[in-house]
Structure formats: structure tokens, C-alpha cells
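What follows is each chain in one-letter form.
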Amino acid sequence: MKTIKLAILTSTMSLGFICSYFMELTMQNAEQYLAISTLVFADGFFGIIAGIKREGFKTYKAIKILRTLLFWVIMLTVILVIEKSIPGASWLSETMLMPLVVFQLISTVKNASMAGFIKGNVLNQILDNIDKHKGLRK
């Protein structure tokens, strides 16, 4: 009986330590978690509205938003743990997450345009301002 109690107390203590570690990590980097969550949900929101207009509501596409969010939250957590444990790796989160931010922002703007929130000429103007060196659209 004493062995079972000791095992339960040890596992509870270990689980408490792990949970408090991840809570501290999350709270110290709450802005990064919030940015990723907001970006993925905004893209998903406009994507669902655009999808409803095109082909009707698809549950598996809506669930894909949660899968994407879970993947990027886990990736951010792994990256932050590595950054915290290795002093020279402080550049890792910026390097790994900037492609996500760029592609998700482009996807969000495209989905917002397809959903009717951004007019086509405004989208073309935004795209033309990104690559001014290529000249204007005819």
C-alpha cells in the first residue's frame, strides 16, 4: 500500500513540475502563441466563408484549422524549449516561424478576397505594391 502511495505521489509531483514548466514557457511567450492562434483562426474564418460560397460547408476542412493550429503550437513549444535550453539558439523561433507568418498572411488575404471582404482591385493593388520592381499590371 505504501509503495502505491509513493508511486502516486511521485508521478503527481513529476506531472506538476512538467505542467508548471510549460505554463511558465507559455506565459513568457504568450504574444507568440497569440499571434499564431490569431493568424490561423483568421485564415480559417475567411477560408470557411469562401468555401461556403464556393462549395458549401465541409466539416473536414473546418477541422483542418484545428489540426494546423495544434501543429504550429506544438512546433512553437518545441522551438521555445530548444531556445531556452541552448543559449546560442535564440534565433530559431524567428527563422522557423517567419515562413508561417508570411504564407498564412498571404492565405488570409486571398481567402478574405475570395469571401468577398476585399475587392479584387484592392487585392491587385496590394499585390502590385509587394512587387513594384516588376511594373504595373495592364
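Notes on the structure in this doc start here. Everything quoted here is computed from the prediction, not taken from an experiment.

Glancing now at helix 4 (residues 92-115). The end-to-end C-alpha distance of helix 4, which contains 24 residues, comes to 35 Å, matching closely the 34 Å that a straight helix rising 1.5 Å per residue would cover. Helix geometry: helix 4 is bent most strongly at M98, by close to 30°, with proline P99 lying one to four residues after it. The set of residues buried in helix 4 consists of L92, S93, L97, L100, Q104, T108, N111, A112, S113 and A115. Note on helix 4: the residue one or two positions beyond its end, G116, has a positive phi of about 95°.

Let us look at the packing of helix 3 (residues 59-85) against helix 4. Helix 4 packs onto helix 3 with a crossing angle of 160° between their chain directions and a minimal axis gap of 9 Å. Classified by the interaxial angle, the pair formed by helix 3 and helix 4 is roughly antiparallel. Crossing of helix 3 against helix 4: the hand is right-handed. Listed contacts from helix 4 to W72, M75, L76, I79, I82 and E83 of helix 3 are L92, S93, E94, M96, L97 and L100.

With 27 residues, helix 3 ought to run about 39 Å at 1.5 Å a step, and its terminal C-alpha atoms sit 40 Å apart, in line with that. Of the residues making up helix 3, those classed as buried are A62, I65, L69, W72, L76, T77, I79, L80 and E83. Those residues of helix 3 that are buried are in contact with helix 1 (2-28), helix 2 (30-55) and helix 4.

Cut-offs used in this document
Residues numbered from 1 in each chain as written. Predicted model: local features only at pLDDT ≥ 70, side-chain atom pairs only at ≥ 80, totals over all residues. Heavy atoms only, no water. Helix = DSSP H or I, 4+ residues; strand = E, 2+ residues; numbered from the N terminus. Expected span 1.5 Å × (residues − 1). Bend = angle between axes of the 7 residues up to and from the residue. Buried < 20%, exposed > 50% of the residue type's maximum accessible area, 1.4 Å probe, protein only. Axes fitted to C-alpha atoms, helices over the stretch in contact; angles between N-to-C directions. Parallel < 35°, antiparallel > 145°, perpendicular 65-115°, else oblique. Left-handed = near helix turned anticlockwise from the far one by under 90°. Contact = heavy atoms within 4.5 Å.

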